[in-house]
Amino acid sequence: MLLRHTPQEITERKALMINPAKTCQPIGAMYAALGIKGCLPHSHGSQGCCAYHRSTLTRHYKEPISAATSSFTEGASVFGGQANLLQAIDNIFTVYEPEVIAVHTTCLSETIGDDLPQIFDKAIKEKKVPEGKTLIGAPTPSYVGSHVTGFSNMVKAMANLAAPGGKKNGKINIIPGWVEPSDMEEIKKIAAMVGVDINMFPDTSGVLNGPLTGEYKMFPEAGTPVADIKDSGNALGTLALGEWCSADAARLLDTKCKVPCSVLDMPFGLKATDRFVDALRTVAGTSVPDEIMVERGKLVDMISDMHQYFYGKKVALVGDPDQLIAMTEFLVSIDMMPIHIVTGTPGKRLEERIMEITAGMGRPVNVRAKGDMFLLHQWIKNEPVDLLIGNTYCKYIARDEDVPYVRWGFPILDRQGHQHFPTVGYKGGLRLLEQILGVLLDRKDRDDPESKFELVL
Ligand code: SF4
């Protein structure tokens, strides 16, 4: 038992967090920045943070992750990191030649109080930013929120590039939130099927799930071009997928450039995808094409074919708020019972949404924002579940409690291929159900007595 010190009896903790269900802001900002074409993320702080965040993204995507750091020493930690950042901007544009540097901060530079806009101003005045190149930045204090907050802050900094007053471009902005590169591909595919001309940012498809060509490219031919991000201020509207990840950027485009926005749930599962497709259809003024109806029909078919295995199964979930909301709704819609739900990201709204979604189940549900996996494990000890869904860190609980387990979310460090298969949209719903069914039926095959060991299920 790897987690044998986790007691069944729950003692409310005020100061101690064990096995957090989150990580810190800068990694989210780094991931978002990789969705800009030709962008080198830059971590303004000491170099350990940058090394850690690069290595976690590499372990998740099995791809090289490029990022630079201001590499603070003790001196910079006392007197401020301005000189380090100015030198870094100069070096990066000279040596690596990115189109964009996207700077985020760490808890060290935030505690010192380094003023990014002032340092950027100085860099531009001193001509350290070559003509036509872009410098953006977001404060990402690690002691506020989580990696999700950092993602949101960097996406908001992207939206801040948009300038008001241009000619309308006839497009719809889509801010996809923190989803996999394959999910971003799927979102673009759905929009194209509905016939909507979109401008999506960030877009990590092709950056973090690209092919092996024999030639290393620090900046793949993918990601959202800066010109498109600037043009997002001229769009007809914005669809922001996920309140936590995308709403701030969408609202900034609304207030700054008068681009009206709708904040939707991330399109995981049947109902949330329905709402996304309906929103696209409404803005495009079209009807839903047959090919989407066919995809939807396949998902409904699979749900009805396999419903007997889903019905009444208790599920424990861990993840990030936007994903958890849509996943909980999906599970409830197929008559599963998500009963223990944890995120490390703060925000009471998650608890309210989950309570609303699960109200019809007619039984108590444990949900905790700013919780941890230690608590989730204790809940499972007190009321066991049939299925656990979450990132790689769940594998310890799954092993100790002998629970069927589906890897989903961030990070997945011990399996490959997830970045190639979407879990959003109807297609993604099929994949999620295939994974869920796979582990449930594997368990049934393992546990059934020989007399009930069936060939056909
Ligand atoms: S918590 Fe602070 S020191 Fe630790 S990795 Fe995050 S930014 Fe760096």
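Here the structure is shown first, and the text comes after it.
Quick notes on the rules
Along each chain, the written sequence defines residue order, and numbers are assigned to residues from 1. Local features in this predicted model are restricted to residues whose pLDDT is 70 or higher, and side-chain atom pairs enter the listing and the counts only when it is 80 or higher, whereas totals over whole chains, interfaces and linings include all residues. For the side-chain quantities, the full set of heavy atoms in the structure was used; hydrogens and water were omitted. Here a strand is any run of E in DSSP of at least two residues, a helix any run of H or I of at least four, and the numbering for each starts at the N terminus. Taken over C-alpha atoms, the radius of gyration is set against a globule rule of 2.2 Å times the number of residues to the power 0.38. Any residue under 20% of the maximum accessible area for its type is buried, any over 50% is exposed, and the rest in between are partly exposed; the area is computed with a 1.4 Å probe on protein chains only. The contact rule is simple, with two residues in contact once any of their heavy atoms fall within 4.5 Å. Using a 1.4 Å probe, the Shrake-Rupley method yields the accessible areas, and only the shown protein chains count as cover for residues. In this tally, Lys and Arg are treated as positive and Asp and Glu as negative; His is ignored, and so are the chain termini. Every charge is mapped to an atom, namely NZ of Lys, CZ of Arg, CG of Asp or CD of Glu. Here, any two strands with at least 2 DSSP bridges between them count as paired. To define axes, lines are fitted to C-alpha atoms, for helices over the stretch in contact only, and angles between the resulting N-to-C directions are given on a 0 to 180 degree scale. Residues are counted as near a molecule or strand when any one of their heavy atoms sits within 4 Å of it. Charged residues are taken to be Asp, Glu, Lys and Arg, nonpolar residues to be Ala, Val, Leu, Ile, Met, Phe, Trp, Tyr, Cys and Pro, and polar residues to be all remaining types, Gly included. Roughly parallel here means an angle under 35 degrees, roughly antiparallel means over 145, roughly perpendicular means 65 to 115, and every remaining angle is called oblique. Helix crossings get a hand from a simple test, with the near helix turned counterclockwise from the far one by less than a right angle marking a left-handed crossing and a clockwise turn marking a right-handed one. A patch is a set of surface residues, each over 30% in relative accessible area and not in a salt bridge, joined within 9 Å for like charges and within 5 Å for the nonpolar side chains Val, Leu, Ile, Met, Phe, Trp and Tyr. Every case where a carboxyl oxygen of Asp or Glu lies within 4 Å of a side-chain nitrogen of Lys or Arg is listed as a salt bridge. Nonpolar cores are built from buried Ala, Val, Leu, Ile, Met, Phe, Trp, Tyr and Cys residues. Side-chain atoms within 4.5 Å join them into one set.

> Could you clarify how one ought to interpret the overall build of the chain in this entry?
When you go through the chain residue by residue, the secondary structure sums to 17 helices and 13 strands. Taking 457 residues into account, the globule formula puts the C-alpha radius of gyration at 23 Å, and the chain, at 23 Å, falls close to it. Expressed as a percentage of its 457 residues, the buried residues of the chain come to 54%. Expressed as a percentage of contacts within the chain between residues at least 6 apart in sequence, the contacts between residues at least 24 apart total 74%. Split by element, the accessible area of the chain, about 19700 Å² in all, is 53% carbon and sulfur. Positive and negative side-chain charges of the chain, numbering 48 and 55 respectively, have mean locations separated by a distance of 3 Å.

> It is not clear to me how the sheet that holds strand 8 (residues 261-264) should be interpreted in this structure. Could you clarify?
Spatially, four strands are ordered 6-5-7-8 in an open sheet, and the strand pairing comes out parallel. With partners counted over all chains shown, the strands left at the sheet margins are strand 6 (198-200) and strand 8, one partner each. For this sheet, the mean inter-axis angle between neighbouring strands, taken without regard to orientation, is 20°. Bridge analysis of strand 7 (residues 237-241) against strand 8 gives four bridges, and the strand direction is parallel. The residue bridging Ala-240 from the neighbouring strand is Val-263, located in strand 8.

> Which parts of the structure should I look at to understand the site of the ligand?
As a matter of local geometry, the ligand sits amid Cys-24, Pro-26, Cys-49, His-53, Thr-106, Cys-107 and Ser-142. In terms of residue class, the shell around the ligand is built from four nonpolar, three polar and no charged.

> Would you explain unusual backbone geometry in this entry?
Excluding glycine, a negative phi dihedral is what most residues carry, and trans is how most peptide bonds are arranged. Phe-201 connects to Pro-202 through a cis peptide bond whose omega is -10°. Secondary-structure assignment places Pro-202 in the loop between strand 6 and helix 9 (226-231). The linkage connecting Phe-410 with the following residue, Pro-411, adopts the cis geometry, with an omega of -5°. By secondary structure assignment, the location of Pro-411 is in the loop between strand 13 (405-407) and helix 17 (425-447). The residue Asn-19 is not glycine, and still its phi comes out positive at about 50°.

> I would appreciate a short explanation of the packing of helix 13 (residues 321-333) against helix 17 in the present structure.
When two helices pack together, you describe them by how their axes are tilted relative to each other and by the distance separating the axes. Running from amino to carboxyl end, helix 13 crosses helix 17 at an angle of 65°, the nearest separation of the two axes being 13 Å. Classed by the angle they form, the pair helix 13 and helix 17 counts as roughly perpendicular. Judged by the twist between their axes, the crossing of helix 13 over helix 17 is right-handed. In contact with Met-327, Phe-330 and Leu-331 of helix 13, helix 17 contributes Gly-429, Leu-432, Leu-433 and Ile-436. Looking at the contact of helix 13 with helix 17 residue by residue, the class counts come to six nonpolar, one polar and no charged.

> Please explain the environment of Phe-72 as it appears in this structure.
Along the chain, Phe-72 turns up in the loop between strand 2 (68-69) and helix 3 (74-79). Taking the relative accessible area as the measure of exposure, Phe-72 reaches 9% and is therefore buried. Apart from the residues lying within four places of it in its own chain, the contact partners of Phe-72 are His-44, Gly-45, Ser-46, Ser-77, Gly-81, Asn-84, Leu-108, Ser-109, Ile-112 and Asp-114.

> Which parts of the structure should I look at to understand a nonpolar patch on the surface?
A surface patch of nonpolar side chains, amounting to about 310 Å² of accessible area, comprises Leu-2, Tyr-393 and Tyr-396. Within the secondary structure, Tyr-396 is located in helix 16 (residues 395-401). Note on Tyr-396: relative accessible area 39%, which makes it partly exposed.

> Just checking my understanding: could you explain the nonpolar core for this structure?
Within soluble globular proteins, side chains that are nonpolar tend to cluster in buried spots. Ranked by internal contacts, the top residues of the largest apolar core, which has 126 residues, are Met-154, Leu-388 and Ile-389. Looking at which element gives the most residues to this core, the answer is helix 17, with nine residues. Apart from residues no more than four positions distant in its own chain, Met-154 is found in contact with Ala-29, Ala-32, Ala-33, Ala-102, Val-103, His-104, Ile-136 and Ala-138. In terms of nonpolar packing, the next biggest core, distinct from the first, is built from 17 residues, Leu-85, Leu-86, Ile-89 and Val-103 among them.

> Quick question: what am I supposed to make of the pattern of salt bridges here?
Side chains bearing opposite charge may pair, as long as their charged atoms lie close to each other. Using the criterion set out here, one finds 29 salt bridges in the structure. In this structure, Arg-443 and Asp-402 form a salt bridge, with 3.3 Å as the shortest nitrogen-oxygen distance. Here Asp-402 lies in the loop between helix 16 and strand 13 and Arg-443 lies in helix 17, a separation of 41 residues in the sequence. When its relative accessible area of 39% is taken as the criterion, Asp-402 is described as partly exposed. One salt-bridge network, in which partners are shared between bridges, spans Glu-186, Lys-189, Glu-295 and Lys-427.

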